[in-house]
Amino acid sequence: MNTINRRLVLGGIGALGIGASAAVLSGCGEGSAGKPGAAPATGDGGAKGYDGPNVELDFWNGFTGGDGPYMRKIVDQFNSEHSNIKVKMTVMQWADYYTKLPTAVSSGRGPAVAIMHVDSLATNAARNVIEPLDDVAKALELKQEDFSDVVWKAGEYNGKRYGIPLDVHPLGFFYNKAVMTKAGLDPAKPPTNADEYAAALDAFKSKGIQGHWATPFPFTGVLSVQALLWQFGGELFNSDSSKATWHEEGGVKALSWFSDLVKNGHSPKNVAQDADNIAVMNGKNAFVWNGIWNINTFKEKKGLEWGVAPLPNIGGTKAAWAGSHQFVLPKLKTPDQNKSSAARVFVNYVSQKSLEWAKGGQVPARKQVRESAEFKALPEQAALATQIDDLHFPPPVPGIGDALAELNKAVNESVLLKAEPGKALADAAARADKILEANRKKYGA
Amino acid sequence: MTVQASAGAVRRRRTRTSTAVRGYGRATPYLFLAPYLVLFLLFVIGPAIFGFWMSLHDWDFQLPGKPFVGLQNYKDLFDPLSATAEPFWHSMRATGIFTVASVPFLVGLPLGLAVLLNRKFPGRTFFRAVYFAPFVLGVAVIGLMFRYILDTSFGILNAFLGLFGISEIGWTTEQPWAFVALVAVTVWWTAGFNSIIYLAGLQDIPPEQYEAAELDGANGWQKFRNVTLPGLRPVTVFIVIITLLASANMFGQSVLITQGGPGDTTTTALMVITDTGFSQFRMGQATAMSYLLALCLAVVALVVFAVVRERKS
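Rules and cut-offs
Residues numbered from 1 in each chain as written. Chains lettered and ligands numbered in written order. Predicted model: local features only at pLDDT ≥ 70, side-chain atom pairs only at ≥ 80, totals over all residues. Heavy atoms only, no water. Helix = DSSP H or I, 4+ residues; strand = E, 2+ residues; numbered from the N terminus. Buried < 20%, exposed > 50% of the residue type's maximum accessible area, 1.4 Å probe, protein only. Contact = heavy atoms within 4.5 Å. Patch = residues over 30% accessible without salt bridge, like charges linked within 9 Å, V, L, I, M, F, W, Y side chains within 5 Å. Areas by Shrake-Rupley, 256 points an atom, 1.4 Å probe, with all protein chains shown as cover. Salt bridge = Lys/Arg side-chain N within 4 Å of Asp/Glu carboxyl O. Domains from an automatic or database assignment. Buried area = accessible area lost by both parts, 1.4 Å probe. Polar contact = N/O pair within 3.5 Å; in protein donor to acceptor, adjacent residues only side chain to side chain. Nonpolar A, V, L, I, M, F, W, Y, C, P; charged D, E, K, R; others polar. Expected span 1.5 Å × (residues − 1). pLDDT = per-residue confidence, 0-100. Axes fitted to C-alpha atoms, helices over the stretch in contact; angles between N-to-C directions. Left-handed = near helix turned anticlockwise from the far one by under 90°. Phe/Tyr/Trp six-rings, centres within 6.5 Å; stacked < 30°, edge-to-face > 60°. Lys NZ or Arg CZ within 6 Å of the ring centre and 35° of its normal. Core = buried A, V, L, I, M, F, W, Y, C linked by side-chain atoms within 4.5 Å.

Undergrad: Sorry, what's going on with the overall build of chain A here?
TA: For chain A, the helix and strand inventory stands at 20 helices and 14 strands. Sorting the 445 residues of chain A into buried and exposed places 58% on the buried side. Taking contacts inside chain A between residues at least 6 apart in sequence as the whole, the part at least 24 apart equals 78%.

Okay, here's the thing in structure tokens:
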């Protein structure tokens, strides 16, 4: 079946198919070190620099927000320090980016360097979009000890490294200090556990303030529920990721706690996208759990007295949701030694400049940067960085995001009070199991 | 001599041209059609056949293996236990609800508008422009704008309704309000386009027919009923069909304003197809869905033709 199919495709049924097969075929023999027989220029993985002829590197990412200018600054700096490498950064919406990149790679127009979220690595590795870069890690002498365990391991798939961690962006607990003062709470001491949190919410309620708006959308309602699930000792998937387990005790407790915010009057019903965050900025809401990227949003709002702390421990175990941006090297259809080496030099450079990147509202992945005095001088980022060992990522399984999309629906229905948490989660888990099964078949796991 | 020679040349040339015209071959019409046909084959028929071929496989253009599965992708859509059936049929229901709710407004309202804008009054051109203006905006613009307007807590719409003591409505997070909002936004956005087509149709109705009706003593309503409406029939068929198809292909409004919610109630067929094909990379299943949707739309379009076609008296 397969050969017939391949032959038909190569026979010219579609340009797309041809490109794909060609990419796969060339990908097989290529390896990350480029042309066989040639000097292993990538053997040093970019640690010793690049002295070849001038090259232009395309660098794709989705930094459309406040983080974009910081990355551009780093790129400009890199270009001015490397006369023979010119990095051209192209920014697009993440959603478009993940659709465009595989197509670009298969037609030979892919970039030399790109950024990917940690939860997309496995899918793109399985789909031959990116290539392993163990040599880079080795050459840069990146070791597990330089990073936190979860971040480091998250860059691996099938025993190979596909991502060099740039940053982590955990969920944090943002609070409006003025609203806390109004309710008689000490703004220097945000609640840190379930009892304190409940007491604070009741204090707000007695002043007629709804203290923690619960949003039904992925950003950041579902992220909050995931954090709570881990806090309550739950897991999203079983150990081999063949079944969703979010409908078990931890998940039900998590979603119940979150949707009870609405039932108990700590949140209005039907909160629209971002309204929870806007409400904190307007002084109508006191607490919001949002990503670390929110730091710069709050900083720009004049007169807003706010603080940020690690997520309170509601469930009993410290845990927080986080994402991570990782450097990846998309497969080049025609291996280009010079590009490959230059790309590695660039990755190495940015990885060491991650302090500049931290100012854009991120936690650097490198321990050495995280522990530097300069990073500690960024109080908000540093506060959230303390969660680094409690962070969780989805398992490195191809297509895991397809299954997680079902959790979004369950949270949505439950927070909008359309379904009971237990039932919503169980229904979503049943749908996710089917997707996981289809994915196992598709990716041959 | 020279005059004669040149005259002969002219005559010869004439004969040659006339023979060329007389002898135009059977291929001529097709040669004239060729430029369009090439594009049509390349960008419509070709991909359609390729898409059908895809729908018989587990197709991911990035994976080396694309196993042939026959009609399994289609069968799966009718098997409630499969991973694709539930999202697809839910999305078909959402698409159906939106289409049924929006088409009457998108056909009726622009007709009224066109009749009004066809009268002579000062500022007519200005108003024609005003009603057409929203249509030039991109879906991203109107989507984002209405997300602000419709926001439950801070939206200007709920603030306005609050003046009359109406409590907060979840325009994007509660049913049936989410559909009400989507239909209203779409009508506001695209009604101007249909109005312009109606307007063109109105200007094609010969004024003599109105004169004749007036001589017969017809009042305004009778003129509308017996002259305007029959005169607009072909235009109306066109508008109904394109509006049906446009509504059935609704995508951006749901993505941007309701994000398919609450639950998956406003997730349209196109959203599910896009998600299946381009974020889950199950192109075989996605093309199977597309074909089923296309089939449904073809049936609906045929029914509409049958109902509103010009009856021979």
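After that view, the rundown keeps rolling.
Undergrad: It is not clear to me how a nonpolar patch on the surface should be interpreted in this structure. Could you clarify?
TA: The grouping of Leu39, Leu41, Leu42, Phe43, Val44, Ile45 and Ile49 of chain B at the surface amounts to a nonpolar patch, some 690 Å² of accessible area in total. Exposure remark for Val44 of chain B: the relative accessible area of 42% places this residue in the partly exposed category.

Undergrad: How do you make sense of the domain arrangement of chain A when you look at a structure like this?
TA: Where the parts come together, the accessible area they lose is often given as the size of the interface. All names here are of chain A. What the domain assignment reports for chain A is domain 1 (2-166 + 325-352) and domain 2 (170-323 + 395-443). Taken together, the 9 residues of domain 1 in the interface contact 8 residues of domain 2. Interface area, domain 1 with domain 2, both sides summed: about 620 Å², of which 64% is carbon and sulfur. Sorting the residues of domain 1 by area buried against domain 2 places Ala122, Thr123 and Tyr157 first, and these three jointly supply 40% of that buried surface. For the pair domain 1 and domain 2, the interface holds 0 salt bridges. Across the domain 1-domain 2 interface, the total number found is 1 residue pair in polar contact (both at pLDDT 80 or more). Elements supplying a minimum of two residues to the side of domain 1 that touches domain 2: helix H5 (121-126) and strand E5 (156-157). In terms of residue count, the dominant contributor to the side of domain 1 that touches domain 2 is H5 (3 residues). Classifying every residue of the side of domain 1 that touches domain 2 by side-chain character gives 4 nonpolar, 2 polar and 3 charged.

Undergrad: So what exactly am I meant to see when it comes to helix H11 (residues 233-248) of chain B here?
TA: Residues three or four positions apart in an α-helix share a direction because the helix packs 3.6 residues into each turn. Residue and element names in this part refer to chain B. The first and last C-alpha atoms of H11 sit 22 Å apart over 16 residues, in line with the 22 Å expected at 1.5 Å per residue. All buried positions along H11 are accounted for by Val235, Val237, Ile239, Val240, Ile241, Thr243, Leu244, Ser247 and Ala248. Looking at the buried residues of H11, the elements they touch are helix H4 (85-118), helix H8 (177-204) and helix H14 (283-308).

Undergrad: For this particular structure, what's the right way to read unusual backbone geometry?
TA: In terms of backbone geometry, most residues other than glycine have negative phi values and most peptide bonds are trans. Residues Phe219 of chain A and Thr220 of chain A are joined by a peptide bond in cis, for which omega reads 0 degrees. Checked against the element boundaries, Thr220 of chain A lands in helix H10 (residues 218-231). Put simply, Gln175 of chain B and Pro176 of chain B share a cis peptide bond, and its omega is 0 degrees. Structurally, Pro176 of chain B can be placed in the loop between helix H7 (156-162) and H8. One non-glycine residue, Asn128 of chain A, adopts positive backbone phi at about 60 degrees.

Undergrad: It is not clear to me how helix H2 (residues 28-55) of chain B should be interpreted in this structure. Could you clarify?
TA: End to end, H2 of chain B covers 37 Å across 28 residues, agreeing with the expected 40 Å (1.5 Å per residue, within 8%). Along H2 of chain B, the residues classified as buried are Phe50, Gly51, Met54 and Ser55 of chain B.

Undergrad: In this structure, what is going on with the confidence of the model for chain B? I would like to understand it.
TA: Predicted coordinates in regions of low pLDDT should not be interpreted in detail. All names here are of chain B. The predicted model of chain B has a mean per-residue pLDDT of 87, with 91% of residues at 70 or higher. Element-level pLDDT for chain B is lowest in helix H1 (residues 2-22), with a mean of 51, against a maximum mean of 94 in H8. If you check the scores for this complex, the pTM reads 0.80 and the ipTM reads 0.73.

Undergrad: So what exactly am I meant to see when it comes to the interface of chain B and chain A here?
TA: Contacts between chain B and chain A engage 38 residues on the former and 48 residues on the latter. The junction of chain B with chain A conceals about 3600 Å² of combined surface from both sides, 57% of it contributed by carbon and sulfur atoms. For the chain B face of the interface with chain A, the top three residues by lost area are Phe61, Gln62 and Phe154 of chain B, together amounting to 19%. Scanning the region where chain B abuts chain A turns up 4 salt bridges. Note that Asp402 of chain A is salt-bridged to Arg282 of chain B, the shortest N-O span being 3.5 Å. At the level of secondary structure, the elements contributing two or more residues to the side of chain B that touches chain A comprise H2 and helix H13 (269-279) of chain B. Looking at the side of chain B that touches chain A residue by residue, the classes come out as 15 nonpolar, 14 polar and 9 charged.

Undergrad: Got a minute to help me understand the environment of Glu168 of chain B in this structure?
TA: Residue and element names in this part refer to chain B. Turning to its location among the elements, Glu168 is positioned in the loop between H7 and H8. Note on Glu168: relative accessible area 47%, which makes it partly exposed. Apart from the residues lying within four places of it in its own chain, the contact partners of Glu168 are Thr152, Ser153 and Asn158.

Undergrad: Would you mind showing me how to read the side chain of Gln226 of chain A here?
TA: By the element assignment, Gln226 of chain A lies in helix H10. In contact with Gln226 of chain A, not counting residues within four places along its chain, are Leu236, Trp321, Leu404 and Leu407 of chain A.

Undergrad: How do you make sense of the packing of helix H9 (residues 207-215) of chain B against helix H10 (residues 220-231) of chain B when you look at a structure like this?
TA: The description of two helices packed together rests on the angle between their axes and the distance between the axes. Residue and element names in this part refer to chain B. Contact geometry of H9 with H10 gives a least axis separation of 10 Å together with a crossing angle of 145 degrees. Crossing hand, H9 versus H10: right-handed. Across the interface between the two elements, Gln209, Tyr210, Ala213 and Glu214 of H9 pack against Lys223, Val227 and Thr228 of H10. Considered class by class, the residues forming the contact of H9 with H10 number 3 nonpolar, 2 polar and 2 charged.

Undergrad: What exactly am I supposed to notice about the environment of Ile314 of chain A here?
TA: Residue and element names in this part refer to chain A. Tracing the sequence through the fold places Ile314 in the loop between strand E10 (306-309) and strand E11 (320-323). The class of Ile314 is buried, set by a relative accessible area of 7%. With residues up to four places along the chain from it excluded, the contact list for Ile314 reads Asn193, Ala194, Tyr197, Leu228, Gln231, Phe232, Trp257 and Trp289.

Undergrad: What am I meant to see in the packing of aromatic side chains here?
TA: Between two aromatic rings, the relevant description is the distance of the centres plus the angle of the planes. Applying the stated criterion to the full structure yields 42 aromatic pairs over all chains. Ring geometry for Phe173 of chain A versus Phe287 of chain A: centroids 4.9 Å apart, planes at 85 degrees, classification edge-to-face. Taken together, the residues Phe173 of chain A in strand E8 (residues 167-176) and Phe287 of chain A in strand E9 (residues 287-291) connect sequence positions 114 residues apart. Under the relative-accessibility criterion, Phe287 of chain A is labelled buried at 0%. Taking the centre distance of 5.4 Å and the plane angle of 75 degrees together, the rings of Phe174 of chain A and Phe298 of chain A count as edge-to-face. Of this pair, Phe174 of chain A sits in strand E8 while Phe298 of chain A sits in helix H13 (residues 294-300), and the two are 124 residues apart along the sequence. Through a chain of ring-to-ring contacts, three or more aromatic side chains come together here, namely Phe173, Tyr175, Tyr197, Phe204, Trp257, Phe287 and Trp289 of chain A. In this arrangement the basic side chain of Arg127 of chain A is found over the ring face of Phe61 of chain B, its NZ or CZ atom lying 5.4 Å from the centre.

Undergrad: Sorry if this is basic, but what is going on with the nonpolar core here?
TA: For soluble globular proteins, the rule of thumb is that nonpolar side chains tend to be buried together. Ranked by size, the top nonpolar core spans 134 residues in total, and within it Phe59, Val113, Phe204, Trp246, Phe287, Phe327 and Phe346 of chain A carry the most contacts. Residue contributions to this core reach at least three from each of two domains, namely domain 1 (2-166 + 325-352) and domain 2 (170-323 + 395-443) of chain A. When neighbours within four sequence positions are excluded, Phe59 of chain A is seen to be in contact with Met71, Val75, Val87, Lys88, Met89, Thr90, Pro111, Val113, Ala114, Ile115, Phe327 and Phe346 of chain A. Ile205, Val227, Val240 and Val304 of chain B belong to the second largest nonpolar core, which has 21 residues in total.

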